[in-house]
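# What the coordinates show
One-letter residues, chain by chain:
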Amino acid sequence: MNDTAAATRLGDRIRVPRTRARIGVARRDITPPVGIRAKNWGPADWERSEGAHRPFELTALAVIGADERPRVLLAVDGTWWRRVADEQGVRGAILDGLGLEPDQLMLSLSHTHAGAVLCAADAHLPGGELIPGYLEALSAAGVAAGREALDGARPGLIEWTTGTCTLAAERELDLDGRALVGYNPQGTADDTVTIGRISVDGRVRATLVNYACHPTTLAWQSREVSPDYVGAMREIVETATGEPCLFVQGASGELAPREQYTGDVTVADRHGRSLGHAVLAALDALPLPGEELTLDGVVESGAPLAIWAGRPVDGGDGARGVVAAVELPLRDLPTLDQLAEEWKDIDPRSRDERLGRARNLRDGYIDGPTVQHPVWAWRWGDAVIVGHPGEAYSRLQTTLRARFPATPIVVMNLTNGPGFVYLPTREAYDRGAYQAWQTPLAAGALELLEAHAVTLVASLLDD
């Protein structure tokens, strides 16, 4: 966009940030088998799934930019990694199968809370015997979709825009002095949807959607696996465009729908439709692929009319990537025995769920007084993609957008590993929020991650 202090002149354009590269897209169905372990909530009195509300998808986006170094983003309908070994096993198999280095692949989970348990160590539990085979199938799907996307990459564009959606709300509620995880009517939430319209030969071939909102609509009452609101969102966008829609979860540590924790799949579908229509509204505001609105001239009518028309443009050719870890502090961690004693009076199913999560979060991530938390950052033309394995609060993405207002920035939680932990604000620690007592990280970790991400993005843009 032109400097608002400068006079508008004929030939001025309304900027559309873009990525110009060879681009390929491919998809595989990864719907978990009926009967797989899907117990993700403490109150659940069942353990095996009894069906699927909607299909689960793995979609590969391959981008080969000006540096000729392929980069593959895998958008995966999935819950979250419970153990480092499982994440490393799946991602490692995909890296080997595609012949890529670790900096060339981001595997991003949607974070549905109504999916299969991704933990091979649970193979001895009901439904767990299906988990190892499902993880192998997930690896195979990643290799197959990634290879098809790479082999089919052709010159194309990703044109970036943003929209707004009010689905996400703050989920930090204080009730009579107790910190709860639920809709806070006094809170505020980041409502930004970042969208990439992917086109080849002037035709839209896919849509990338980045939004920050926990998929926690469906909870322990539903016995079907579900991609939650992402499924209906995808249906809305794909019906309108006729092409695949990739969803990647934003920095949503404190964000979730107002109406959640239900077994009613129609609520999840309603949520998805609200996001899907927001995406379509933003897409319809873009000019045709490859064009920018240009001030063409003036037509004299009853009033002098400024004529803006779409005209072809170039640009968006830069490409580079980096992966670099940031050192984060740990808080004083209670032992697992101490946690068991602290939680001895709560429901046994919920206590076991809490203890299992605490054990898994520590294994493979903590081996000293601090931890190394990895961050991936790619420059795709005018845009930057940032991914990390934790669950950062939305401040991570709002900070990056404020620091680089002219640059579309996709921020992804739950991407690669290790470090599947919350990164809350200092205020969350002060109020005793769940995210603060659940994470092994100390207050200030989010701010360190922010500063690190700002440095990485600045270095990519400087180049």
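Residues numbered from 1 in each chain as written. Predicted model: local features only at pLDDT ≥ 70, side-chain atom pairs only at ≥ 80, totals over all residues. Heavy atoms only, no water.

## With respect to the sheet that holds strand β2 (residues 57-64)
The pairing of strands in a sheet comes from backbone hydrogen bonds and takes either a parallel or an antiparallel form. This is how it is decided: The criterion for strand pairing is that DSSP finds at least two bridges linking the strands in question. Secondary structure is summarised from DSSP: a helix means a run of H or I of at least four residues, a strand means a run of E of at least two, and numbering begins at the N terminus for each. Axis geometry follows a simple rule: fit a line to the C-alpha atoms, using only the stretch in contact for helices, then measure angles between N-to-C directions, giving values from 0 to 180 degrees. The contact criterion used is simple: two residues touch if any of their non-hydrogen atoms lie within 4.5 Å.
With mixed pairing, the 8 strands of this open sheet are ordered in space as β4-β3-β2-β1-β5-β9-β10-β11. Two strands close off the open sheet at either side, each with one partner strand: β4 (105-109) and β11 (245-249). Within the sheet, the average angular offset between the axes of one strand and its neighbour, ignoring direction, is 30°. Bridge analysis of strand β9 (residues 192-200) against strand β10 (residues 203-211) gives 7 bridges, and the strand direction is antiparallel. Looking at the pairing, serine 199 lines up with valine 204 of β10. Together, β1 (18-29), β2, β10 and β11 form the strand contacts of helix α3 (residues 229-241), whose direction differs from that of β11 by roughly 150°.

## A word on a nonpolar patch on the surface
What counts here: A patch consists of residues exposed above 30% relative accessible area that lack any salt bridge, with like charges linked at up to 9 Å and nonpolar side chains (Val, Leu, Ile, Met, Phe, Trp, Tyr) linked at up to 5 Å. Throughout, the Shrake-Rupley method with a 1.4 Å probe supplies accessible areas, and for residues the shown protein chains are the sole cover considered. Each salt bridge in this description consists of a side-chain nitrogen of Lys or Arg and a carboxyl oxygen of Asp or Glu lying within 4 Å of one another.
Together, Val299, Leu305 and Ile307 make up an exposed nonpolar region whose accessible area comes to about 210 Å². By the element assignment, leucine 305 lies in strand β14 (residues 304-312).

## Observations regarding the pattern of salt bridges
Operational definition: Exposure categories follow from relative accessible area, calculated using a 1.4 Å probe and restricted to protein chains: below 20% of the type maximum is buried, above 50% is exposed, and the middle band is partly exposed.
This structure, assessed with the given rule, holds 31 salt bridges. Here aspartate 77 makes a salt bridge to arginine 234, at a shortest N to O gap of 2.7 Å. Linking aspartate 77 in the loop between β3 (70-76) and α1 (84-98) with arginine 234 in helix α3, this pair joins segments that are 157 residues apart in sequence. Classification of aspartate 77 as buried rests on a relative accessible area of 4%. Several salt bridges share partner residues, and in doing so they unite Arg18, Glu159, Arg197 and Glu292 into one network.

## Focus on the environment of leucine 157
Positionally, leucine 157 belongs in strand β5 (residues 154-164). Note: C-alpha distance between leucine 157 and glycine 315 (158 residues apart in sequence) is 10.0 Å. Excluding residues that lie within four positions of it along the chain, leucine 157 makes contacts with Arg18, Thr19, Arg20, Ile23, Arg197, Ile198, Ser199 and Gly290.

## Brief notes about the layout of surface pockets
Our working rule: Cavities and pockets are found on a 1 Å grid laid over the protein atoms alone: a cavity is a set of points where a 1.4 Å probe fits but cannot escape, a pocket is an open set with protein on both sides within 12 Å along at least five of seven lines, and a lining residue has an atom within 4 Å of such a point. Grid points are joined across faces, edges and corners, and a volume is the space filled by probe spheres set on the points. Gly falls in the polar group here, along with every residue not listed as nonpolar (Ala, Val, Leu, Ile, Met, Phe, Trp, Tyr, Cys, Pro) or charged (Asp, Glu, Lys, Arg).
Reported here for the second largest pocket is a volume of approximately 430 Å³. As for the second largest pocket, its lining consists of 20 residues, of which Pro17, Trp160, Thr161, Thr162 and Pro408 are closest to the centre. Listed by contribution, the elements that provide at least two residues to the lining of the second largest pocket are β5 and β9. Tallying contributions element by element places β5 first for the lining of the second largest pocket, with 3 residues. Of the residues in the lining of the second largest pocket, the class split is 13 nonpolar, 5 polar and 2 charged.

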